[in-house]
Each structure stands twice: as C-alpha cells, then as structure tokens.
Amino acid sequence: MNRPAARRSPPGKPSWEYCLEVRDLAAGYGDKPAIQGIAFAIRPGQMVGVIGPNGAGKTTLFKAILGLIPILRGRVLLHETDARRQRAMMGYLPQLDDIQRAFPVSVSDVVMMGRYPRIGWCRPPRSADRASVREALDRVNLLEHGDRQIGRLSGGQLQRALLARVLAQDPHLLLLDEPVSGVDPTTQHSIFAVLEKLRDEGKTVVVATHDLNCVVERFDQVLCLSGHLVAFGPPAEVFREEILEATYGSHLMIVKVGDRRVVVADEHRSHSRA
Amino acid sequence: METPRTMIDLLATPLQYGFMQRALLGGVLVAAVCAIVGTYVVLRGLAFIGDALAHAAFPGVVIAYMLKANIYLGAAISTVATALGIAYVSRRARTSYDTTIGILFAGAFALGILLMSRIRGYTADLFGFLFGNVLGISNADLAVAGILTAIVVLAVAACYKELLLLAFDPTLAEAMGYPVQALNYLLLVLVALTIVISIQAVGIVLVVALLVTPSATAYLLTERFFRMMALGVLFSVLAVVVGLYLSFYLNVASGAAVVLVSTSVFFGALGCRRLAGQRTPPL
C-alpha cells in the first residue's frame, strides 16, 4: 500500500534515529511546573505505554509535547526539529469527555477534520480526502456508521471514530490519552489491533493507560510518570516492585499468581498492598 | 377565482412602494448573513457577546450622527473595537469572559446614551437605530449592507472548515497548529460586522434575536452543520419577509414583527420535535 508516510521520506535519505526526543522538560502554568525532569527518546516504530496514577501528569506530558501548554524548561523534538513547528505530524486522541456529543456533525465529518491540515485553507475536501476518511473508518470497523450523528455512537464506537480521525490525519507520532478506559473488551482488543498495525507500519505510538497488564503484554517501552520521570525502558526492566512503588505510591497492589506477578493499579479505591 | 386574485393582491400591493422593495431586499441580506454567522454563534454559545456587541455599536452610531459621518462606519469601529477589547481584557484582567463582556458593553452603551443626551434638538433618528427602522433603509444603506454582507460571507466561505473545527474541538485545532487565537478574533469581528449590517433592520436591542433564533431553530431540526446553516438562512429570510408584510398590514413596528415571527417559528419547531418524540439535545 502506498502510504503518504512512505512518500515523505525520500529513498536514500537515512531515517531518523529518534522519532520523539524530550530533553529536560518542565511544563505547566505559572511558576510551579506540573511535570518536570522529563527526558526520554523514542525510536520510530515503537509502541510506548505511559503509566502513572491520576495527577501524575500523563495528559500534561501529552499537551506539552503537542504545544498546548507552556514549556517552562527543556525541549521537545520531533525528528530532531522543534515539535511545535510540525504539529500536523502529531496525532492526538483526547479523553472522551472532551467531545461535544450534541454537535451537528456526522462521524465522517469528524474523521474528515483529521484531513484539514492537508486540505489547506479556503478549499473543500477532495475525493482523495473522502477516500482517506472511508479507509480510516474501515480500519476501525465503523464504515457503516459514517453517516450517523457523532453523539449517537456508543462510547466504544466514539473512541474508535476519534481514532479514525487520527488515522485520517496520517501523523508520524500518535499520542493517545487513555484510548481503552471505559470501553468494552472487544473494543479494547480492536483498538490495540489497529495500534499494533500502525506500529508495524513504522508509526510511533504513545499510549497513556491504566491497564498495567496490557502494558506488559503489548508495549515495547514503558514510561513511568509521577510528576517527574520515574523510569523509562522495556517492560521487563521497568516492572520491578521498587519502580512501581515509586510511581504509584500506595495506590498499587501487586498480586502474585503462580510464577507471574499481576499488578493492579486503582485510583478510585485506596488500599494497601496485599 | 376570487381568492387567488386577492392573495396575489395582498402579496403584490406592498411591492408597489419603493420603501417596501428596499426593506425586503435589505431584510433578506440581513437575514442571510445573520443566520450564516449565527450558526457559529449558537454552537459556540456566543449569544451574550452578540447582544453586547450590538449595544456597543451605539456610541459609534451617536458619534457618527453628531459628526454627520457615515453611521455604518461609526458602528463598525465601535463594535470591532469592543470585540477586540473584550478578548484583550479577559486575557489580562483575570475576570471571566462574561464578566468582561458585562463591564465593557454596559460602559459603551452608557457612553452612547450620555452623548445622545448632549445632542440638542431632533434625536428621533437615533431611536431608529435602537429599535430598528428597516422601512427607512435608503439605497446608500443597501449598498453598504451589500458590500459588508459580501465581505462576511466570503470570510466564512474561506474559513468554513477551520471555524467548524474550532467550534467542535478547539483543543485539536490548537494541537494541529491552527492559529486559534487569530481565528477567535476573526469570528468576533465577523459577529461585529454582522451586527453593523443588521442594526438598521432590527435595531440594537433586538439584533441578537436574528443572530441566534433562526440558527437555534435549525439546530432543533437537523444533525448536520451545513444543513443547520442552510435551514437557518431559510427560517431567517422567512421571518423577515413575513414580519415585513405583517408590519405593513397591521401597522406595527417592523423590527419587532420580524423578531416575533422568528420566535414563533422556534417554538413551533420545538413543539414539532416534542410531538415527534425526539429528545432535545443539550447545547
């Protein structure tokens, strides 16, 4: 399949060592940064999980990378260039509550919004854009729901529609803020299937999540956040008791099942370790 | 054969008068531009700022009247300056948006009243701007309204997608690198110009009705953005035409007649929805 991403890197030119590089980042409003001491680098074609309790700064980190909140110190580089100058290359899936469900737009209309930067000002969508919207809807299995009003979708369908919008944008880097919380297991599975396929196509996928078991099974790297960077590395290295404890404090339960450690993080209930 | 003949007479008689021809033409222009911009106003919840900007036009109108300058120019400077002032002050003064609007529009309106009280002699024309006088619209007024309408419609056509994205998902618009602040200013300036165009027809006090009521009526009946805009234009034009005929035959104030027709159509649509058993979406 001839994807635009392939066309943008001309043959012969070496691909970037890192897709996303964050150097000594502190970000937030006023003098007191919400996150600080963040430094990591992600190679292209990796799937990275961002974990941490509520208030750890997962959304803040995403918004700082996207240039939505002030950066107080440090730099965010996308392909070795300031990320804020190439925002259309970053796709963002916000949390579901940010969406106005009563707005008079169809599912296809919303997915088309992902194409707007490519279409440009003063122009209507072309047939290539409509084809791209259909392809994105097809990938998330919503093709037959394209004409429905956005608020008439179920939670899981809405989540997939917003993922389709990111797909239609065709970014190099995807930042997904809790794409699988509050959706049914079937939707979770299909969302991860789409994300893994994107990773295999060379996209860099960064996912904030609460589901630690899923991180162990599916992600190449894990970023542990608790206002600052606690650890960054492959799940096998990062998933150690002292690191998880430093990340979650008391909001964490580690259960041993046979020779396997199962980790349960729950922000809504406070409990001590079993 | 008698009834159709009478109907045609009823519709045609007012058209024999030049002032009714001009009023209908001007009214249809105003109706169209109000509904187009009103679609964004309703979806973004900007009704209060629309009303405020209309009142903020008053000092400009009074000053232009005193200087014998162009009334539209005075109103345009006054509303655009207030629109930009509201955006600026709310960012600087740490007061909420609606508080800033309340402060600035009441201040501007008071300035207009103060200046008007200094004018000796005839001020009845100024009341025409407060309550609308579409029947007094001149050919020169029509030309200005036509040019301003063309500017607003072209601007909306050029930024149609971007203004839609900004209304639906401002975070995504910013994340994609759109100049969100500039687009917000642009929308406020478009609202300000729309109000300037409409003041002659419905007056400062009632202009907000034309800005929001037809679009809100359309919102009840469709779930698509473009259809909402098109239906809004339809309801708005309908209200102006029916309102003007009522005003002609019943000898009532034209601006008030237009607005009341529009309000009636809104409640009619609301009733139809309830009868059809559709839930009313919150906005």
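Here the structure is a predicted model, which means the values were calculated and not measured. Throughout this document, residue positions are counted from 1 along each chain, in the order its sequence is written. Labels are handed out in written order, letters beginning with A for the chains and numbers beginning with 1 for the ligands. Residues qualify for local features only when their pLDDT is at least 70, as the model is predicted, and side-chain atom pairs are given and counted only at 80 or more; totals for whole chains, interfaces and linings, by contrast, use all residues.

Draft legend 1. Representation of the overall build of chain A. The helix and strand labels rest on DSSP assignments: H or I over at least four residues marks a helix, E over at least two residues marks a strand, and numbering proceeds from the N terminus. A tally of regular secondary structure across chain A gives 10 helices and 12 strands. What counts as a contact is two residues whose backbone-derived C-beta atoms lie within 7 Å of each other. The long-range share in chain A, meaning contacts at least 24 apart out of those at least 6 apart in sequence, stands at 65%.

Draft legend 2. Up close: the overall build of chain B. Check the secondary structure of chain B and you find 13 helices and 0 strands. The globule rule is 2.2 Å times the number of residues to the power 0.38, and the radius of gyration it is compared with is taken over C-alpha atoms. Relative to the 2.2 N^0.38 estimate, which gives 19 Å for 283 residues, the radius of gyration of chain B is 19 Å and therefore close to what a compact globule would have. With the C-alpha coordinates of chain B rotated into their principal frame, the extents come out at 65 × 60 × 30 Å. Of all 283 residues assigned to chain B, the portion counted as buried reaches 45%. Long-range pairs, those at least 24 residues apart, make up 73% of the contacts in chain B between residues at least 6 apart in sequence. With C-beta atoms placed from the backbone, a residue is labelled by how many other C-beta atoms lie within 10 Å of its own: buried for 20 or more, exposed for 12 or fewer, partly exposed between the two.

Draft legend 3. Seen up close, the sheet that holds strand β4 (residues 71-78) of chain A. Residue and element names in this part refer to chain A. At least two bridges found by DSSP between two strands is the condition for calling them paired. Read across the open sheet, the 4 strands follow the order β2-β1-β4-β5; overall the sheet is antiparallel. The sheet is open, and its two borders are formed by β2 (35-42) and β5 (81-82), each paired with just one other strand. Note that strand β1 (residues 20-27) and β2 share 5 bridges and pair antiparallel. Residue L20 lies in a different strand from β2, and its bridge partner there is I42.

Draft legend 4. Representation of helix α10 (residues 180-202) of chain B in the model. All names here are of chain B. The span one expects for a helix is its residue count, reduced by one, times 1.5 Å. Across its 23 residues, α10 extends 32 Å between first and last C-alpha, which sits within 8% of the 33 Å expected from 1.5 Å per residue. Note on bend: at a given residue it equals the angle between the axes fitted to the 7 residues ending there and to the 7 starting there. At V196, α10 shows its maximal bend, which comes to roughly 30 degrees. Downstream of α10 by a residue or two, G203 has a phi angle that is positive, lying close to 90 degrees.

Draft legend 5. Examining the packing of helix α7 (residues 139-158) of chain B against α10(B) more closely. Residue and element names in this part refer to chain B. Relative to each other, α7 and α10 sit at 155 degrees, their axes nearing to 10 Å. In terms of orientation, α7 lies roughly antiparallel with respect to α10. Considering the relative orientation of α7 and α10, their crossing is left-handed. Contacts between α7 and α10 involve D141, A145, L148, T149, I151, V152, A155 and V156 on the former and, on the latter, L190, L193, T194, V196, I197 and Q200. Among the residues making up the contact of α7 with α10, the classes are represented as 10 nonpolar, 3 polar and 1 charged. Every axis corresponds to a line fitted to the C-alpha atoms, with the helix fit spanning only the stretch in contact, and the corresponding angles, defined between N-to-C directions, vary from 0 to 180 degrees. In what follows, roughly perpendicular refers to angles from 65 to 115 degrees, roughly parallel to angles under 35, roughly antiparallel to angles over 145, and oblique to any angle outside these ranges. It is the rotation of the near helix from the far one that decides the hand of a crossing: anticlockwise by less than a right angle makes it left-handed, clockwise makes it right-handed. In this count, Pro and Cys sit with the nonpolar residues alongside Ala, Val, Leu, Ile, Met, Phe, Trp and Tyr, while Asp, Glu, Lys and Arg are called charged and the others, Gly among them, polar.

Draft legend 6. Local environment of the interface of chain A and chain B. Taken together, the contact pairs 22 residues of chain A with 22 residues of chain B. Of all the secondary-structure elements, those providing two or more residues to the side of chain A that touches chain B are β6 (90-93), α3 (107-113) and α4 (116-119) of chain A. For the side of chain A that touches chain B, the residue count by class is 15 nonpolar, 4 polar and 3 charged.

Draft legend 7. Molecular detail of the nonpolar core. All names here are of chain B. Of all hydrophobic cores here, the largest spans 170 residues; its most connected members are V37 and V191. Looking at which element gives the most residues to this core, the answer is helix α2 (residues 18-44), with 14 residues. Ignoring any residue separated from it by four or fewer positions in sequence, one finds V191 in contact with V37, V41, L46, G50, L53 and A83. Note on terminology: a nonpolar core is any set of buried Ala, Val, Leu, Ile, Met, Phe, Trp, Tyr and Cys residues joined through C-beta atoms within 7 Å.

Draft legend 8. View of the sheet that holds strand β3 (residues 47-51) of chain A. Residue and element names in this part refer to chain A. With respect to topology, 6 strands assemble into an open sheet ordered β6-β7-β8-β3-β9-β10, the strand pairing being mixed. Each edge of the sheet is formed by a strand with only one pairing partner; in this case those strands are β6 and β10 (229-233). Taking each pair of neighbouring strands and ignoring which way they run, the sheet shows an average axis angle of 15 degrees. For strand β7 (residues 173-177) and strand β8 (residues 204-208), the ladder comprises 5 bridges, and the chain directions are parallel. The residue bridging L175 from the neighbouring strand is V206, located in β8. Across the sheet, helix α6 (residues 155-169) lies against β6 and β7, angled at about 175 degrees from β6, the strand it touches most. With respect to the sheet, helix α10 (residues 241-248) is in contact with β3, β9 (221-225) and β10, its orientation differing from that of β10 by roughly 135 degrees.

Draft legend 9. Focus on unusual backbone geometry. Residues and elements named next belong to chain A. One non-glycine residue, H79, lies in the positive phi region at around 55 degrees. Positionally, H79 belongs in the loop between β4 and β5. Residue class for H79 comes out partly exposed when judged on the 18 C-beta atoms lying within 10 Å of it.

Draft legend 10. Representation of the pairing of β7(A) in the model. All names here are of chain A. Counting buried positions along β7 yields 5 of 5 residues, so the element is predominantly enclosed. By the alternation rule, side chains of β7 split into L173, L175 and D177 and L174 and L176, which are all buried. The sheet contact formed by β6 and β7 spans 4 bridges and is parallel. Looking at the pairing, L93 lines up with L176 of β7. Read from β7 through helix α7 (residues 185-200) to β8, the crossover connection turns out right-handed. We call a crossover right-handed when, viewed with the strands running away from us, the connection from the first strand over the helix to the second turns clockwise.

Draft legend 11. Here's a closer look at the packing of helix α3 (residues 47-66) of chain B against α10(B). Residue and element names in this part refer to chain B. Close contact between α3 and α10 brings their axes to 9 Å; oriented N to C, the two are set at 55 degrees. Viewed along their axes, α3 and α10 adopt a mutual orientation that is oblique. Between α3 and α10 the crossing geometry is right-handed. Here G50, L53, A54 and A57 of α3 come into contact with α10, specifically with V191, A192, I195, V196 and I199. Its residues assigned to classes, the contact of α3 with α10 shows 8 nonpolar, 1 polar and no charged.

Draft legend 12. Spatial organisation of the confidence of the model for chain A. For chain A, per-residue confidence averages 86 on the pLDDT scale, and 86% of positions sit at 70 or higher. Contacts from residues 1-13 of chain A, a stretch scored under 50 in pLDDT, to residues over four places away or in other chains number 6 contacts. As a per-residue quantity, pLDDT reports the predictor's confidence and falls between 0 and 100.

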